[in-house]
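Summary of structural features
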Amino acid sequence: MATKTSSMKAAAQQQRDALGLNADKAVIDACKAFKEAGFKPKMVFRNLPPSHLYEKALRYEPGTHIVKSGALATSSGAKTGRCPRDKRVVREPSTEKDIWWASSSSGSPNYEMDERSFLLNRETAVSYLNSLHHVFVFDGYANWDPEARIKVRVVTERAYHALFMHNMLIRPSLEELEDFGEPDFIIYNAGGLGGGLGGGLDGGLGGGLGGAFPANRFSNYMTSTTSVDVNLKSREMVILGTQYAGEMKKGVFSVMHYLMPKRGVLSLHSGCNMGAAGDVTLFFGLSGTGKTTLSTDPRRPLIGDDEHCWGPDGVFEGGCYAKCIGLKAASYKPTIMLTILLSCNHCAGVFNIEGGCYAKCIGLKSASEPEIFKAIRFGSLLENVVVDERTRDVDYMSNRITENTRASYPIDYIDNAKIPCVGPHPRNVVLLCCDAFGVLPPVSKLSLEQVMYHFISGYTSKVAGTEMGVTEPEATFSACYGGAFLMWHPMKYAAMLAEKMRQHGTKGWLVNTGWTGGSYGVGSRISLKYTRAIIDAIHSGALDNVECAEMPLFKLQVPTSCPGVPDVLLQPALQWADKADFNDTLAQLATLFVGSFRSYLEDAALHVGADMADRILSGGPNLDDIKAAEAAAAAVPHEHHDVHAAPLGPDEGDGDSDVPAAEEEAVQKGGECKVCAARQVADAADLAPAGMV
């Protein structure tokens, strides 16, 4: 019996050696931050490859399945999205003057907590993690530029979370992992299974896990059993009460939003691609504006889809992209060798923060988004999707669990990704909006002041059917197109953006992918065909020197011509049947902009100075102009004009439009203007036109 027991122990030891568990445990035990926190796990699985993580998830996490494409599908439990109201930032002397703190009128996401309350939550998380049979640790990097890179260590109960961060962070080589050393930032994710495995099928595979290990809702600063806490001084994050993986991704991004500006590097919530000539474009936009669709262009390699930094130095590759396997100075031209050396020794102008993508996949179709569809394969992670119980096919159209179904995959799963994910200084900055009021032009040239104003505003609009209770167009604003993740005041990021654009001659554009010819319900969605033509013209420089007309109130410079786009489409007022009605709606939207911007004025001078605050404010509409326009409009009766809307033809079978076919039809048919007809119906019924709120 003793011999058998010894043999079993020896076999277990061999298995642990094969997996590197003893070495991993030694690394964890030597970590100074872990010693200070009292973290003493029983068993550690560090940086396991996806195949091992699949096995662990299938064994220990009910509701986890391998789908037909080879991806791993799992559930985040009760929470299927982030909990921004439960985010807390430690307020302490070394960082408190930098942070844009939440107040009743500031619009900031940074609700404070004290250091003691943070330590109590960390103790709760560490005690829970110490009690487990095993934990997963993933060590990775944030930032593709080595000069700005930070080392991130993630501790979690679930293999799902470890695979997610394996995909989302930049994966170290074996040599880098061996020399990883002390991390710069640690995430204690105790939002695991919480002892409640739950399980079972939920009308098709998906869902079924119990709740996460909770926070004590009676503790100071807690508002629920969920708490996501960041301590910038100790560079730590604690997660309790939620299994949603996106909290880790955005936690890293929030910390980057604090650290990078201190180094003169601008952190950005944007998509980014690069043309053959080394011309980089940054795309900003909220959900539904087309940021992912427009930045994922088969003709332009993708640097990243969501989080980037703009650094102080640039890599100007000059169009050279040479293979260097077996490269020798004697057999290759010196210019090629020089290009490679320059690329190695200089920082990037713009670089991706992440090593992967986290794409929404509700309604995903291979025809419309082939790059994302192809990326969902072995090693990818599907979150909260519904899976057919028999075939293991994913029902991407189903929102039975949530509208926020997601896919996580390494960026090199995108065929057209640029690896390494770095590029020169951007040549263009494109701010996207989906204007359901139908008054903003399809494209506008922006001054630096206007770039700052619209960047801070982060405007788009919800339309009927997108959320419960939304029956008319509803303006939505999110500071810097990612207000939930900001640490500094929005004006600081905007001022940095304008300064970098000034230094490098970067051009700014506002592109509306929303409605024209009337508000939602009356007008039509701008064809994706024309939006793509506009983006192509921006990239080619065709719009740099065209004649422009100034738009009232917003003072936008609107090009009068664009290759591939009807001239009349570029001027929104010409698309409306009633000019006075257009002016009323324009004034209404301008008033909403002014009202939203007030939340950023309260303490702006403290963060960027009064002169910069005034300069930024000058880039948008003001109340005096709006009142004057409204007074002038009141004296003019509404008149039906003779200029009809330009055809907004379908996308001619390109297969990637997410706009319903009915909205892509021409608005001229048989000589009758459909916009005018809709207005007449509204007038006859004595109703306000759709979308007038």
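Residues numbered from 1 in each chain as written. Predicted model: local features only at pLDDT ≥ 70, side-chain atom pairs only at ≥ 80, totals over all residues. Heavy atoms only, no water.

Now for empty space enclosed by the protein. Remark: the empty space left among the atoms is shown by a probe the size of a water molecule rolled over them. Tallying each qualifying case throughout the model produces 6 cavities of 30 Å³ or more. In this structure, the largest cavity spans a volume of roughly 120 Å³. Looking at the largest cavity, it is lined by 13 residues, and the ones nearest its centre are K87, V228, E247, K250 and S254. Elements with a contribution of two residues or more to the lining of the largest cavity: β9 (227-231) and α8 (246-262). Of the residues forming the lining of the largest cavity, the biggest block, 4 residues, is contributed by α8. Partitioning the lining of the largest cavity into residue classes produces 7 nonpolar, 2 polar and 4 charged. The computed volume of the second largest cavity comes to approximately 60 Å³. Every residue along the wall of the second largest cavity is listed here: A142, M165, M168, L169, K249, V252, E307, I353 and E354. (1 Å grid on protein atoms, 1.4 Å probe; cavity = no way out; pocket = protein on both sides within 12 Å on 5 of 7 lines; lining within 4 Å. Points joined across faces, edges and corners; volume = space filled by probe spheres on them. Helix = DSSP H or I, 4+ residues; strand = E, 2+ residues; numbered from the N terminus. Nonpolar A, V, L, I, M, F, W, Y, C, P; charged D, E, K, R; others polar.)

Okay, the pairing of strand β17 (residues 356-360) next. Across the 5 residues of β17, 4 count as buried, placing the element largely inside the fold. Bridge analysis of β17 against strand β21 (residues 406-410) gives 5 bridges, and the strand direction is antiparallel. Within β21, the residue paired with C357 across the bridge is Y409. (Buried < 20%, exposed > 50% of the residue type's maximum accessible area, 1.4 Å probe, protein only. Pairing = 2+ DSSP bridges.)

In this structure, M165, I187, L382, Y409, F455, M487 and F554 are the most contacted members of the largest nonpolar core, which totals 136 residues. Each residue touching F455, except ones within four places of it in the same chain, is listed here: L268, F284, L431, A479, C480, Y481, Y493, A494 and L497. Core analysis: the second largest hydrophobic core is formed by 24 residues, F118, A125, I186 and L240 among them. (Core = buried A, V, L, I, M, F, W, Y, C linked by side-chain atoms within 4.5 Å. Contact = heavy atoms within 4.5 Å.)

A separate point is the sheet that holds strand β16 (residues 350-352). What the 4 strands build is an open sheet, ordered β11-β15-β16-β22; its pairing is antiparallel. One side of each edge strand has no neighbouring strand; the edge strands of this open sheet are β11 (266-269) and β22 (422-423). Strand contacts of α8: β11 and β15 (307-310), with the helix running at about 150 degrees to β11, the strand carrying the most contacts. Running over the sheet, helix α13 (residues 490-504) touches β11 and β15 and is turned about 105 degrees from β11. (Axes fitted to C-alpha atoms, helices over the stretch in contact; angles between N-to-C directions.)

On to the environment of T281, then. Positionally, T281 belongs in strand β13 (residues 280-284). Sequence spacing of T281 and K507 is 226 residues, and the spatial spacing of their C-alpha atoms is 9.6 Å. The residues contacting T281, other than those within four sequence positions of it, are G271, C272, N273, R300, N428, V430 and H539. Looking at T281, its side chain comes within polar contact range of the side chain of R300, at 3.5 Å. In this structure the side chain of T281 is engaged in a polar contact, spanning 3.0 Å, whose partner is the side chain of H539. (Polar contact = N/O pair within 3.5 Å; in protein donor to acceptor, adjacent residues only side chain to side chain.)

Our focus in this paragraph is the confidence of the model for the chain. In low-pLDDT segments, the atomic positions of the prediction should not be examined closely. Scored by pLDDT, the chain has a mean of 84; 79% of the residues are at 70 or more. Counting interchain partners and residues more than four positions distant, the pLDDT-below-50 stretch residues 314-347 has 30 contacts. Within the model, the stretch residues 641-693 combines pLDDT values under 50 with 103 contacts to residues more than four positions away or in other chains. (pLDDT = per-residue confidence, 0-100.)

Next up on the list: the sheet that holds strand β5 (residues 111-113). Strand order in the open sheet formed by 8 strands is β1-β6-β7-β8-β10-β9-β4-β5, with mixed pairing between adjacent strands. The open sheet has two edge strands with one neighbour each: β1 (44-46) and β5. When strand polarity is set aside, the average angle formed by the axes of neighbouring strands in this sheet is 20 degrees. Taken together, the 4 bridges between strand β8 (residues 185-189) and strand β10 (residues 236-240) define a ladder with parallel strand orientation. Opposite I186, over in β10, you have E236 as the bridge partner. This element, helix α5 (residues 115-130), spans β4 (87-90), β5, β6 (135-142), β7 (150-156), β8, β9 and β10 of the sheet and lies at about 65 degrees to β10.

This part covers the packing of aromatic side chains. The relative placement of two aromatic rings is captured by the distance of their centres and the angle of their planes. Scanning all chains against the criterion turns up 25 aromatic pairs. Taking 5.8 Å as the distance between ring centres and 55 degrees as the angle between the ring planes, the aromatic pair formed by F253 and F485 counts as tilted. Linking F253 in helix α8 with F485 in the loop between β26 (474-477) and α13, this pair joins segments that are 232 residues apart in sequence. The exposure classification of F253 matches that of F485, with both residues buried. Ring pairing ties together the aromatic residues W100, Y453, Y459, F477, F554, F593, F597 and Y600, which thus form one cluster. Across from the ring centre of F485, 4.5 Å away, lies the NZ or CZ of K250, which sits over that ring. Sitting over the face of the ring of Y413, R377 holds its NZ or CZ atom 3.9 Å from the ring centroid. (Phe/Tyr/Trp six-rings, centres within 6.5 Å; stacked < 30°, edge-to-face > 60°. Lys NZ or Arg CZ within 6 Å of the ring centre and 35° of its normal.)

Moving on: α8. For α8, spanning 17 residues, the distance from its first C-alpha to its last is 25 Å, which sits close to the expected 24 Å at 1.5 Å a residue. At M256, α8 shows its largest bend, some 25 degrees. Counting buried positions over the 17 residues of α8 gives 16, a clear majority of the element. Of the residues one or two after α8, G264 is the one with positive phi, at around 80 degrees. (Expected span 1.5 Å × (residues − 1). Bend = angle between axes of the 7 residues up to and from the residue.)

One way to put it is that helix α15 (residues 579-597) packs onto helix α18 (residues 623-634) with a least axis distance of 10 Å and a crossing angle of 160 degrees. The angle between α15 and α18 places the two elements in the roughly antiparallel class. Once α15 is placed against α18, the crossing between them reads as left-handed. For the pair α15 and α18, contact is made by D584, A587, A590, T591 and V594 and by L623, I626, E630 and A633, respectively. (Parallel < 35°, antiparallel > 145°, perpendicular 65-115°, else oblique. Left-handed = near helix turned anticlockwise from the far one by under 90°.)

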